[in-house]
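Each chain, written out:
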Amino acid sequence: MKAISKLKWMMPPSLSRHCSHTPIASRNAANHPPSSLLDDFTRFCYQRDLPRAIRAMDAMQRLGLQADAVTYSELIKCCLSRRAIAEAKLVRNHIFSGGYDPKTFLVNNLINMYVKFNLLEEAQALFDQMPVRNVVSWTTMISAYSNVKLNDKALDLMVLMLRDGVRPNMFTYSSVLRACDSLVSLGQLHCSIIKAGLDSDVFVRSALIDIYAKWGELRCALCVFGEMVTGDSVVWNSIIGAFAQNNDGDGALNLFKRMKRAGFQADQPTLTSVLRACTGLALLELGAQVHVHVLKYDQDLILNNALLDMYCKCGSLEDAKSVFDRMVEKDVISWSTMIAGLAQNGYSREALKLFELMKVSGTKPNYITILGVLFACSHAGLVEDGWYHFRSMKNVYGIDPGREHYGCMIDLLGRAGKLDEAIRLIEEMEYEPDAIIWRPLLDACRVHRNMDVAEYAAKQVLNLDPEDAGTYILLSNIYANSQRWEDVAVVRKNMRERGVRKEPGCSWVEVTKQIHAFILGDSSHPQIVEINRQLNLLIHKLREVGYVPDTSFVLRDLEGEQKEDSIRYHSEKLAIAFGLMSLSKGKTIRIRKNLRICGDCHIFAKLTAKVENRNIVIRDPIRYHHFQDGICSCGDYW
DNA sequence: TTAGGGTTAG
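- In the nomenclature of an unreviewed UniProt entry, chain A corresponds to DYW domain-containing protein from the organism Acer negundo.

Structure representation (structure tokens):
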């Protein structure tokens, strides 16, 4: 007791309150006055002097001395900030030595430390040994499992916690929501949250919005958002992100406007979601406007990646390259985005060169990077390169080829007319073939007129997905190309009977930051009469330079818009005519389509680009076509 | 006296 009173006396007043505990009596205090040792230890902990604190702790252990729980907490913080795992283990051993029974909050601190070091098993072992677990102990473990997506473990722990009679709080709910694995359990959790009166907590609210968005339940997300009385920027970001991630760019942009009206400043996550919305809608002008705000966060990696993707997907490769070159920090996403962007925009060889640079830079490619590389090969007919990269993904990078990589290879071989080789690859594959495999094969059969394989592949796709309108159309077009009209009729009948409807072709064009939509056969655009007049004039002009509408595309029309008289009014033709009359000379006409471009529109766009001296970019769901001076960046290979 | 939120590539 004497030692303690001396210790308190020697400590600065700010620290003395932490030493209310009685240290275990010294076993051999002759040469080491315990009071000064404890004093030193406490001081080193508060000074965050880890090496000296550890040395003092060693000496204390030899004397059987222990300090106050708050002091140990300081030491744990110090280990955490220095990522000193070995020292952290010494601290743990010391805390549990000498039969000392540490306070619950101290063990919670230790568990949290192990979690932060990604040593989940050690955290779980400590948790299991605890005689008493409080809400923080449970929440720390639940949150740890949620973070590493061990959702079952997180949910199991929640059940055990309830059985143990510990009531979850807002921390627990905001953690466990991320682990929610079904809409049913989400509904149950949401009910409990309301019952406990925790639904007004902003953390819980943003977690609810995120998880509803993850399950595609935007209406529920919006309800949770709408109940918010006091504003919160993260909750705004959650709801904007929810719409952006569910491909509702319009919804995201409208919410963004509301956020600004409500007086909130856009930060990195806001701008990232807004860029994603622009990317989805191909709104280059708006995206470029957002770029100005991005400059404030000059070297934010995620934001720059989103910007890069926006420029790639809006077909503005110059801007994308400039962003990419200026990025000081690049990660695997930056490289993958640029590689895929180049490939989709018709710059396959540049994409492959960039892949080489990526390897030199030391960034390890991943599953998605290789998909971009194989996409580049398949869209440029680079069979040898494709095989080389396909083989090296496993041998060099240790990435197992997934179905999608096989799909790319089959696409590559199929386009190059190597149907036998494609089929051999399917046979060699360790996966059961599915639509990802059969579709590219089917497409290759259409191009290379292989009826037998086409029929087989189409039937396989329809077995797996009987409502896939694209495949019915493809099959019927393949029959039509071979004049097998009875088979065409059977396919159409099947479609009708199964209630399968094809999506109508739609094109969007951005004019002065406004989106104008054109749907085949829809005359709701206020300027439709003038647009049709322009289109007819244009067709007349093109005919003079040799344009002949290719009606064979009516038959092999990829995914819709197949009416014989409709080819003239395909949505992209209307969009091009509108672009020509609305955008000033020299401005690129940028069009986004929901279906793949048909061959006739492709020729039409090439000739228009030449005759009108206008750049046209058309983005379809798979790739991009840059029309300039009578040629297309895809090299007519798509 | 410890535990919880939003953003990027196919």
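**Observations concerning the protein's contact with DNA strand B**
Inference 1: In the vicinity of DNA strand B, 48 residues are found, and the nearest of them are Asp201, Asp232, Asn237, Asn305 and Lys313.
Inference 2: Taking threonine 140, its side chain carries an N or O atom lying 3.5 Å from a sugar or linking oxygen of DNA strand B.

**Re the packing of helix 19 (residues 301-313) against helix 21 (residues 332-344)**
Inference 1: Between helix 19 and helix 21, the shortest axis-to-axis distance is 10 Å and the interhelical angle comes to 5 degrees. For the element pair helix 19 / helix 21, the angle class is roughly parallel. Residue-level contacts link Leu301, Asn305, Leu308, Asp309 and Cys312 of helix 19 to Ile333, Ser334, Thr337, Met338 and Gly341 of helix 21.
Inference 2: Looking at the contact of helix 19 with helix 21, its residues break down into five nonpolar, four polar and one charged.

**So, the UniProt feature "repeat: PPR" (unreviewed entry) in chain A**
Inference 1: UniProt records the feature "repeat: PPR" (unreviewed entry) at residues 134-168, 232-266, 300-330, 331-365 and 402-432, using the numbering of this structure.
Inference 2: From the first C-alpha to the last, residues 134-168 spans 10 Å; its make-up is 74% helix and 0% strand.

**Comments concerning the packing of aromatic side chains**
Inference 1: Under the definition given, this model contains 12 aromatic pairs.
Inference 2: Note on phenylalanine 518 and phenylalanine 578: the rings are 5.4 Å apart at their centroids and 55 degrees apart in plane angle, and the pair reads as tilted. Linking phenylalanine 518 in strand 2 (residues 514-519) with phenylalanine 578 in helix 33 (residues 571-582), this pair joins segments that are 60 residues apart in sequence.
Inference 3: You can call phenylalanine 518 buried: its relative accessible area is 2%.
Inference 4: Feature note: the residues Trp387, Phe390, Tyr406 and Tyr431 constitute an aromatic cluster, connected by ring pairs.
Inference 5: Over the ring of phenylalanine 324 we find lysine 330, and its NZ or CZ is 4.9 Å from the ring centre.

**Description of the pairing of strand 4 (residues 616-619)**
Inference 1: Residue alternation in strand 4 divides its side chains into two sets, Ile616 and Ile618 and Val617 and Arg619, and both sets are buried.
Inference 2: In the sheet, strand 3 (residues 589-593) pairs with strand 4 via four bridges, with the strands oriented parallel. Across the sheet, the residue bridging to isoleucine 589 is isoleucine 616, located in strand 4.
Inference 3: With helix 34 (residues 599-611) bridging strand 3 and the parallel strand 4, this β-α-β connection has right-handed handedness.
Inference 4: Inspection of the sheet shows strand 4 paired to strand 5 (residues 624-628) by four bridges, in the antiparallel sense. Note on strand 5: the bridge partner recorded for arginine 619 is tyrosine 624.
Inference 5: Adjacent in sequence and paired antiparallel, strand 4 and strand 5 are bridged by four residues.

Cut-offs and rules
Residues numbered from 1 in each chain as written. Chains lettered and ligands numbered in written order. Predicted model: local features only at pLDDT ≥ 70, side-chain atom pairs only at ≥ 80, totals over all residues. Heavy atoms only, no water. Near = heavy atom within 4 Å. Polar contact = N/O pair within 3.5 Å; in protein donor to acceptor, adjacent residues only side chain to side chain. Axes fitted to C-alpha atoms, helices over the stretch in contact; angles between N-to-C directions. Helix = DSSP H or I, 4+ residues; strand = E, 2+ residues; numbered from the N terminus. Parallel < 35°, antiparallel > 145°, perpendicular 65-115°, else oblique. Contact = heavy atoms within 4.5 Å. Nonpolar A, V, L, I, M, F, W, Y, C, P; charged D, E, K, R; others polar. UniProt positions renumbered as here; feature names shortened; annotations may be inferred. Phe/Tyr/Trp six-rings, centres within 6.5 Å; stacked < 30°, edge-to-face > 60°. Buried < 20%, exposed > 50% of the residue type's maximum accessible area, 1.4 Å probe, protein only. Lys NZ or Arg CZ within 6 Å of the ring centre and 35° of its normal. Pairing = 2+ DSSP bridges. Right-handed = clockwise from strand over helix to strand, strands pointing away.

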